[in-house]
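In case you want the letters, here they are:
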Amino acid sequence: MTSGTVTNPPPEPRLYSPLAAFLSYLVPGLGQISQGRIGKGVLFIVCLYGLFFCGMAMGGWQNVYIAQTAKDGTEEPAWENNSLHLPKPVANLWNRLHFVGQFWIGAAAWPAIWQYNDLPVPSEQTSPFLHKFQRAPTPKEENEINEAYGKVPDIAWVYTVIAGVLNILVIYDALAGPALAAAPDPAKRPAAPAAQEAAPV
Amino acid sequence: MHFPLAAAALYLHLPILIVIVSVVYSATRYEDWPAILREAFRWGLRMSIFLVVIAVLLFVLAKFI
């Protein structure tokens, strides 16, 4: 090659980091912190947990949940709220899609799965907060929240869903690095063979 | 025009959401802070303009049609 043009070296292949991705799923930004990208990790943890917990607080800590609304063929009335005849957990998610977004915030949304499966929680007398934390509200409780706070609960679940969905991007950032990597610094770029050939001897 | 304070307060959530969404989104696309902040500003501006255009359209529809 004697054209004299400098050709860019091919981009380095991306290195994937599944462990960091899993850590960022558990706690937003934890994967980035484990990779030494402390600033970005802290930014993600503050922004996403801030959004998620503010949203939960504005919704009375009862807007991240999976509602038991659907029935399958073995229950009476059969297939109630489940016209597509989906498996019951899938139908419950389909009937209230919020949790499909909220799930991606990671461990902070797991109490909802715990409550959905009716696993043991502190009694209402011992700890009313933990008893109701991420538990599907009864229609009466839902009415009380809506009457007390007006439109705020609607904004509140939007906060939690946005936090969860943004964490999908954060998980990908931990897995594969930023979507648009910075261009290599020309000062640090090794001289291309073509340029060396073209140089006068 | 009926525009209670509580309804107006709802719109105070918008800047918070716009800032957080732009900053987090930009941070997942770039690695160095100046690029992140530049991109965040651009996205914030785009989202704000989009929302203002929608608001103006709705106002015009409500007022004149």
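For the structure given in this document, a descriptive report is provided here. The shown structure was predicted, so the numbers you read here are calculated from the model rather than taken from an experiment. (Residues numbered from 1 in each chain as written. Chains lettered and ligands numbered in written order. Predicted model: local features only at pLDDT ≥ 70, side-chain atom pairs only at ≥ 80, totals over all residues. Heavy atoms only, no water.)

1. Some points on the side chain of Gln32(A)
Residue and element names in this part refer to chain A. Formally: Strands here mean DSSP runs of E at least two residues long; helices mean DSSP runs of H or I at least four residues long; both are numbered from the N terminus. Each residue is assigned to one of three classes by its accessible area relative to the maximum for its type, calculated with a 1.4 Å probe on protein chains only: buried under 20%, partly exposed between the two thresholds, exposed over 50%. By the criterion applied in these results, polar contacts are pairs of N or O atoms within 3.5 Å in which, for protein atoms, one can donate a hydrogen and the other can accept it, and in which residues neighboring in sequence qualify only through two side-chain atoms. In what follows, a contact means two residues having at least one pair of non-hydrogen atoms within 4.5 Å.
Topologically, Gln 32 is positioned in helix H2 (residues 30–34). Exposure remark for Gln 32: the relative accessible area of 0% places this residue in the buried category. Among the polar contacts listed, one links the side chain of Gln 32 to the backbone oxygen of Val 170, at a separation of 3.0 Å. Of note is the side chain of Gln 32, whose polar atom sits 2.8 Å from the side chain of Asp 173. When residues no more than four places from it in sequence are discounted, the contact partners of Gln 32 are Ser 24, Arg 37, Ile 38, Gly 41, Phe 44, Val 170, Asp 173 and Ala 174.

2. A few points about the pattern of salt bridges
Which entries qualify depends on this criterion: Each salt bridge in this description consists of a side-chain nitrogen of Lys or Arg and a carboxyl oxygen of Asp or Glu lying within 4 Å of one another.
Inspection of the entire model under this criterion finds 10 salt bridges over all chains. For Glu124(A), the salt bridge goes to Lys132(A), with nearest N and O atoms at 3.8 Å. Taking the relative accessible area as the measure of exposure, Lys132(A) reaches 24% and is therefore partly exposed. Between Glu39(B) and Arg42(B) there is a salt bridge, with its nearest N and O atoms 2.9 Å apart.

3. Some points on the interface of chain A and chain B
This is how the line gets drawn: Two parts placed together each lose some accessible area under a 1.4 Å probe, and adding up what both lose gives the buried area. Three classes are used: nonpolar for Ala, Val, Leu, Ile, Met, Phe, Trp, Tyr, Cys and Pro, charged for Asp, Glu, Lys and Arg, and polar for all others, with Gly counted as polar.
With 20 residues of chain A at the interface, the matching set in chain B holds 16 residues. Taking both sides of the interface into account, the surface hidden between chain A and chain B amounts to around 1,800 Å²; carbon and sulfur atoms contribute 78%. Looking only at chain A, the three residues that lose the most surface to chain B are Lys40(A), Tyr159(A) and Leu180(A), adding up to 26% of its buried area. Secondary-structure elements contributing two or more residues to the side of chain A that touches chain B are helix H3 (38–58) and helix H9 (152–176) of chain A. Among the elements that line the side of chain A that touches chain B, the one with the most residues is H3(A), at 8 residues. Taken together, the residues that form the side of chain A that touches chain B break down as 15 nonpolar, 1 polar and 4 charged.

4. With respect to the nonpolar core
Under the convention used in this document: Remark: nonpolar core denotes a set of buried residues (Ala, Val, Leu, Ile, Met, Phe, Trp, Tyr, Cys) joined through side-chain atoms within 4.5 Å.
Residues Phe52(A), Val64(A), Ile105(A) and Val24(B) are the most contacted members of the largest nonpolar core, which totals 33 residues. Where this core is concerned, the elements lending two or more residues are H3, helix H6 (110–116) and H9 of chain A together with helix H2 (13–27) and helix H3 (33–64) of chain B. When neighbours within four sequence positions are excluded, Val64(A) is seen to be in contact with Phe52(A), Met56(A), Phe99(A), Gln102(A), Ala109(A), Ala112(A), Gln134(A) and Thr160(A).

5. Considering helix H1 (residues 18–26) of chain A
All buried positions along H1(A) are accounted for by Ala20(A), Ala21(A), Ser24(A), Tyr25(A) and Leu26(A). In this structure, the buried side of H1(A) is in contact with H2, H3, H6 and H9 of chain A.

6. Things to note about the side chain of Thr28(B)
Within the element layout of this structure, Thr28(B) appears in the loop between H2 and H3. Look past the residues within four positions of Thr28(B) in its chain and what remains in contact with it is Phe44(A), Leu169(A), Val170(A), Asp173(A), Pro178(A) and Ala179(A).

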